[in-house]
Amino acid sequence: MVDTAIFLGAGASKTEGAPLQGELFKEYFSSPDFLRKNNKMNRELTAFFLEMFRLNVKDRTLTNESFPTFEEVLGLTDLAILRKEAFRHFDIDNRDHSNSGRLRIMGQYLTFLVATVLDKRLPGRLGHHRKLVRTLAGADELRNVVFVSTNYDILIDNALTDEPGRGFDLDYGIEFRNFDPSFVGDNHWRRPNLNNCVQLYKPHGSLNWLFCPSCGELEITPKEKGVVTRLISDFTKKPCSRCAGAFSPLIVPPTFYKDLNNVFLSTIWNRTDIAVQKVKHIVFCGYSFPDADIHIKYLLKRAQTNRDGDLEFTVINHFPGKDADQIKQEKYRYERFLGTKVNYTTKSFQDFCNDPFDVIPHSGAV
Ligand SMILES: [Zn+2]
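Since we're looking at a predicted model, the values are computed, not measured. (Residues numbered from 1 in each chain as written. Predicted model: local features only at pLDDT ≥ 70, side-chain atom pairs only at ≥ 80, totals over all residues.)

A. Representation of the nonpolar core in the model. Counting residues in each nonpolar core, the largest one holds 89 residues, and the members touching the most others are Phe-7, Ile-282, Phe-284 and Cys-285. The element contributing the most residues to this core is helix α6 (residues 102–121), with nine residues. Here this core spans two domains, and each of domain 1 (4–17 + 126–358) and domain 2 (21–121) adds at least three residues to it. When neighbours within four sequence positions are excluded, Phe-7 is seen to be in contact with Val-148, Ile-282, Val-283, Phe-284, Cys-285 and Tyr-287. (Core = buried A, V, L, I, M, F, W, Y, C linked by C-beta atoms within 7 Å. Buried ≥ 20, exposed ≤ 12 C-beta atoms within 10 Å, placed from the backbone. Helix = DSSP H or I, 4+ residues; strand = E, 2+ residues; numbered from the N terminus. Domains from an automatic or database assignment. Contact = placed C-beta atoms within 7 Å.)

So this is what it looks like as structure tokens:
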């Protein structure tokens, strides 16, 4: 019986070394990937920041605070595309014009930028995630939780699939073309046995998923961030094996204007919606309840109101150096939206991973 949803936000990945959103631009523009490669992506990103924000990204004196937020930048490209409008020199689609499609491709480059930074920062790091999975598995409680992750990285994915001798499948809630026995490629992936699986829903997409817009199919690159290894560094060599077309990443940027029209993402949203309506307890890990996440709030409010009785909420997002004002603001954001019964703890994600049963009761123990 799945009683608990473990909700993983950016702070959970941060404990393994992932940068927060406010650090992404500075990190990328001072990285060897940017400084040493004069490719089209880097030239376009440079031009975009200069034109739109009057920022010379090669200026080494820039700090995290010099940059607009990631949400602001992606909000601009997303909203323009949604409204079928453009910025000067950055058009959406315009027949026979040299800037045609430039803004749309910029949206992809910004996604690739995040993917590259995460790939560099998180190789093989999954200590806390692994500890959590192992502790839950050891107590035979893994099947009683559903994981919901708003992160694109594959920390929790790898922690789940790496589990030695694991007697369960991983269910992302969607169909991958790799399930087909006639799938051409190295990455065969077993269709999860729904009677014996752990659910992991990633409503904002994932770095190990590749979407072929022509075939309408999704391919998983297990263990590997296919968006990085195949789309960015090896773009021409690894097209779709069926139609030879180009894959797109299936990642929804963290903006107010999320495009959830993709059939796979809407399926995941639906599965997440149903799953959180059925659990009794949601444990937020490393999630700061940001204002931009109205879609997540919508989902949570549905889970809270579409039931008899109360849905329990626990917040685990403490970290060294978190000041009293940050704590107060965050607690307030949770409570004003979910009510004052939220169990706002002083535990860190590490504390939770070491001893999840202090928060989630053993199903046999209650
Ligand atoms: Zn295809």
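B. View of helix α12 (residues 324–338). For α12, spanning 15 residues, the distance from its first C-alpha to its last is 21 Å, which sits close to the expected 21 Å at 1.5 Å a residue. Backbone geometry just after α12 places Gly-339 at a positive phi near 105°. (Expected span 1.5 Å × (residues − 1).)

C. Examining the packing of helix α10 (residues 263–278) against helix α11 (residues 294–305) more closely. Between α10 and α11, the shortest axis-to-axis distance is 8 Å and the interhelical angle comes to 40°. When the interaxial angle is binned, α10 and α11 end up oblique. Crossing handedness for the pair α10 and α11: right-handed. Only Leu-299, Arg-302 and Ala-303 of α11 make contact with α10, whose side of the interface consists of Thr-272, Asp-273, Val-276 and Gln-277. Here the contact of α10 with α11 is built from residues that sort into three nonpolar, two polar and two charged. (Axes fitted to C-alpha atoms, helices over the stretch in contact; angles between N-to-C directions. Parallel < 35°, antiparallel > 145°, perpendicular 65-115°, else oblique. Left-handed = near helix turned anticlockwise from the far one by under 90°. Nonpolar A, V, L, I, M, F, W, Y, C, P; charged D, E, K, R; others polar.)

D. Region of the structure containing the sheet that holds strand β2 (residues 145–149). Strand order in the open sheet formed by seven strands is β3-β4-β2-β1-β8-β9-β10, with parallel pairing between adjacent strands. Lying at the two open borders of the sheet, with one neighbouring strand each, are β3 (169–171) and β10 (343–344). Here strand β1 (residues 4–8) pairs with strand β8 (residues 281–285) via five bridges, running parallel. In the strand pairing of β8, Phe-7 is matched with Phe-284. Each of β1, β2, β4 (197–201) and β8 touches α10; the most contacted strand, β4, lies at about 115° to it. (Pairing = 2+ DSSP bridges.)

Nothing here speaks to function; it is geometry throughout.
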